[in-house]
Amino acid sequence: MHRRDFVALGGSAAAALAGCSVNTPPDRSAEKITVTGFEIFHVRVNRRGNWVIPRIQTSAGVTGIGDASHAGRNDPQLAKLQEYFELIKGRSIYDIEWLRKKVHPEFAANKRATSCALSGIEQALYDIQGKVAGVPTFQLFGGKLRDSVRNYANINRSTEERTPAGFEAMAQSAVDAGLDAVKLAPFDGMRNKETAADREAFTQLGIDCARAVRGVLGEGGDLLIDAHSNFDLEKGLDLAKRLEPLRLFWLEEVSRPLENLAAINEAAAMPTAGGESLFGLESNWRYIAAKAADILMPDVKYCGGMLELKKISALAEAAGLTVAPHGPASPVGNMSAAHVCLGMPNFLILEYAHGEVPWRSELVDPPEAMEKGYLTVSDQPGLGYDVNEAVAKKYAAT
């Protein structure tokens with residue numbers, strides 16, 4: 001029996017297989033399911049951005065959700081979501097490669113408005129495909145190699161007091177929640193420092209913030225530092241040297257352009273990571289070929305979706321790199337990435353935005369389940385989530 005015939009059997013696969021013979025015509029009704037409608041849940045989070053969750057409707061009554069968040073100020077992806085929905089409306093729920101080919105040329109003009117909108121719709125289609133097949137979405141990406149996905153806490157988005165004490169307090173909150181890996185970006189604001197003396201003072205402050213978080217984590221925890229490309233080559237090399245005593249899990253995106261990253265990667269004692277903003281296979285391949293980092297960080301929202309994340313991880317695998325998907329996303333975005341990560345041979349760790357809002361886990365039904373830093377991926381069909389509409393309405397962006 002072909003895979004598509006099995007998909008069409010849906011949740012009653014076992015019963016259908018028991019009664020069929022080789023001469024029984026396959027039921028291909030699932031292939032005829034089309035996209036019919038969509039809606040958007042636009043949720044207010046904080047000054048760093050809203051969550052944008054599209055929900056796609058189909059001719060079979062099955063719905064699916066995705067994450068199209070963090071495309072930029074004023075959420076330009078909202079208009080693109082409507083535009084790309086019109087493209088896919090009336091088409092098969094399996095037309096993901098068709099949509100990918102149609103939309104990719106727009107990235108040059110629209111950047112994250114395009115990538116986030118495309119990805120949000122694509123995630124929703126994979127959610128639907130899993131539900132129609134009666135299998136969790138990770139089965140559509142080659143099955144699983146692990147039962148859960150390790151996460152690190154990104155505390156940068158939730159730390160308002162940008163001091164050693166402020167980062168220390170949020171890191172303690174993450175550790176208390178069971179996470180043993182923490183990332184911060186303590187050099188944000190560096191570009192506002194005009195004099196060399198000011199830049200040096202700010203660099204030292206960032207190092208002090210990182211040292212405070214290392215104190216919370218102790219010897220056994222993992223400390224990750226994101227430099228957000230705030231340094232030139234000379235200062236970046238100096239930063240890597242000064243951070244050596246903190247025993248980093250990784251140092252992320254110290255500088256631009258790729259030649260600088262490659263030089264820092266070559267010289268740094270700790271692993272380096274990066275590539276969160278890259279879209280599509282071509283840009284990721286250039287990053288890999290430049291030897292810009294040891295660890296690749298495609299973001300399911302920015303790289304082009306779940307299928308693109310899988311393809312990029314294969315490029316990285318061929319180059320001997322591990323993959324740690326970027327994604328300070330909504331619970332839907334984290335789960336979409338996690339479904340791909342389950343079967344990723346070179347998976348390392350997934351990003352989790354800790355402490356942004358106290359109701360985060362309640363935005364989805366069932367609630368997001370994080371246990372000691374590991375995200376549980378449901379065996380339910382699709383992504384395993386729906387939107388908790390009461391919570392989404394309560395915190396709707398205006």
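Notes on the structure follow.

**Comments concerning the overall build of the protein chain**
A tally of regular secondary structure across the protein chain gives 14 helices and 15 strands. Computed over C-alpha atoms, the radius of gyration of the protein chain comes to 22 Å, within 12% of the 21 Å expected from 2.2 N^0.38 for 398 residues, which places it in the range of a compact globule. Here the C-alpha coordinates of the protein chain stretch approximately 75 × 45 × 40 Å along the principal axes. Put simply, the protein chain has 398 residues, and 56% of those count as buried. Summarising the internal contacts of the protein chain: among those between residues at least 6 apart in sequence, 70% fall at separations of at least 24. Surface accessibility of the protein chain: about 16,500 Å² in total, with carbon and sulfur atoms responsible for 52%. Within the protein chain, one finds 43 positive and 50 negative side-chain charges whose respective centroids are separated by 3 Å.

**Here we look at the nonpolar core**
Of all hydrophobic cores here, the largest spans 106 residues; its most connected members are Ile155, Val213, Ile225 and Leu243. For this core, the element with the highest residue contribution is helix α6 (residues 112-133), accounting for eight residues. Once residues lying within four places of it in the same chain are set aside, the contact partners of Val213 are Ile155, Phe167, Ala171, Val182, Leu184 and Leu223. Residues Phe249, Trp250, Ala324 and Ile349 belong to the second largest nonpolar core, which totals 10 residues.

**Observations concerning the layout of surface pockets**
Reported here for the largest pocket is a volume of approximately 790 Å³. Every residue lining the largest pocket is counted, 30 residues in all, and those nearest its centre are Arg48, His70, Arg112, Arg157 and Tyr302. Within the residue set of the lining of the largest pocket, elements represented by two or more residues are β2 (49-58) and β5 (181-184). Among the residues forming the lining of the largest pocket, the class breakdown is four nonpolar, 12 polar and 14 charged. In this structure, the second largest pocket encloses a volume near 340 Å³. As for the second largest pocket, its lining consists of 16 residues, and the residues nearest its centre are Phe107, Leu278, Phe279, Gly280 and Ser283.

**A word on the sheet that holds strand β1 (residues 35-46)**
The sheet built from three strands is open, its strands ordered β1-β2-β3 with antiparallel pairing. Looking along the sheet, the strands with just one partner apiece sit at the ends: β1 and β3 (63-65). The sheet shows a mean angle of 20 degrees between the axes of neighbouring strands, taken without regard to direction. Seen against the sheet, helix α3 (residues 77-88) touches β1 and β2 and runs at an angle of roughly 165 degrees to β1.

**Quick look at empty space enclosed by the protein**
Overall, the coordinates contain three cavities of 30 Å³ or more when judged by the stated rule. In this structure, the largest cavity occupies an estimated 50 Å³ of space. Lining of the largest cavity is provided by Leu251, Glu252, Glu253, Val254, Leu261, Ile264, Thr272, Ala273, Tyr287, Ala292 and Ala293. Put simply, the parts of the chain that give the lining of the largest cavity at least two residues each are β7 (250-252), α10 (258-267) and β8 (272-274).

Scoring rules and cut-offs
- All residue numbers here refer to positions counted from 1 along the written sequence of the relevant chain.
- This being a predicted model, a pLDDT of at least 70 is required before a residue's local features are given, and a value of 80 or more before pairs of side-chain atoms are given or counted; all residues contribute to the totals for chains, interfaces and linings.
- Side-chain measures here rest on the full set of heavy atoms in the structure, leaving out hydrogens and waters.
- Only DSSP runs of H or I covering at least 4 residues are called helices, and only runs of E covering at least 2 are called strands; the numbering of each starts at the N terminus.
- Using C-alpha atoms as the atom set, the radius of gyration is obtained and then compared with a globule rule of 2.2 Å times the number of residues to the power 0.38.
- When accessible area is computed with a 1.4 Å probe and restricted to protein chains, residues below 20% of their type maximum are described as buried, those above 50% as exposed, and intermediate ones as partly exposed.
- Throughout, a residue-residue contact means that at least one pair of heavy atoms, one from each residue, lies within 4.5 Å.
- Using a 1.4 Å probe, the Shrake-Rupley method yields the accessible areas, and only the shown protein chains count as cover for residues.
- We score Asp and Glu as negative and Lys and Arg as positive, and we do not count His or the chain ends.
- Each charge is placed at NZ for Lys, CZ for Arg, CG for Asp and CD for Glu.
- Residue types Ala, Val, Leu, Ile, Met, Phe, Trp, Tyr and Cys, when buried and joined through side-chain atoms within 4.5 Å, form a set referred to as a nonpolar core.
- The distinction between a cavity and a pocket rests on a 1 Å grid over the protein atoms alone: a 1.4 Å probe fits inside a cavity but cannot get out, while a pocket stays open yet meets protein on both sides within 12 Å along at least five of seven lines, and a residue with an atom within 4 Å of a point counts as lining.
- Grid points are joined across faces, edges and corners, and a volume is the space filled by probe spheres set on the points.
- Asp, Glu, Lys and Arg are counted as charged, while Ala, Val, Leu, Ile, Met, Phe, Trp, Tyr, Cys and Pro are counted as nonpolar; the rest, among them Gly, fall into the polar class.
- Strand pairing requires that DSSP identify at least two bridges connecting the strands.
- Only the contacting stretch of a helix is used when fitting its axis, a line to C-alpha atoms as for every element, and angles between N-to-C directions run 0 to 180 degrees.

Purely geometric numbers; function is a separate question.
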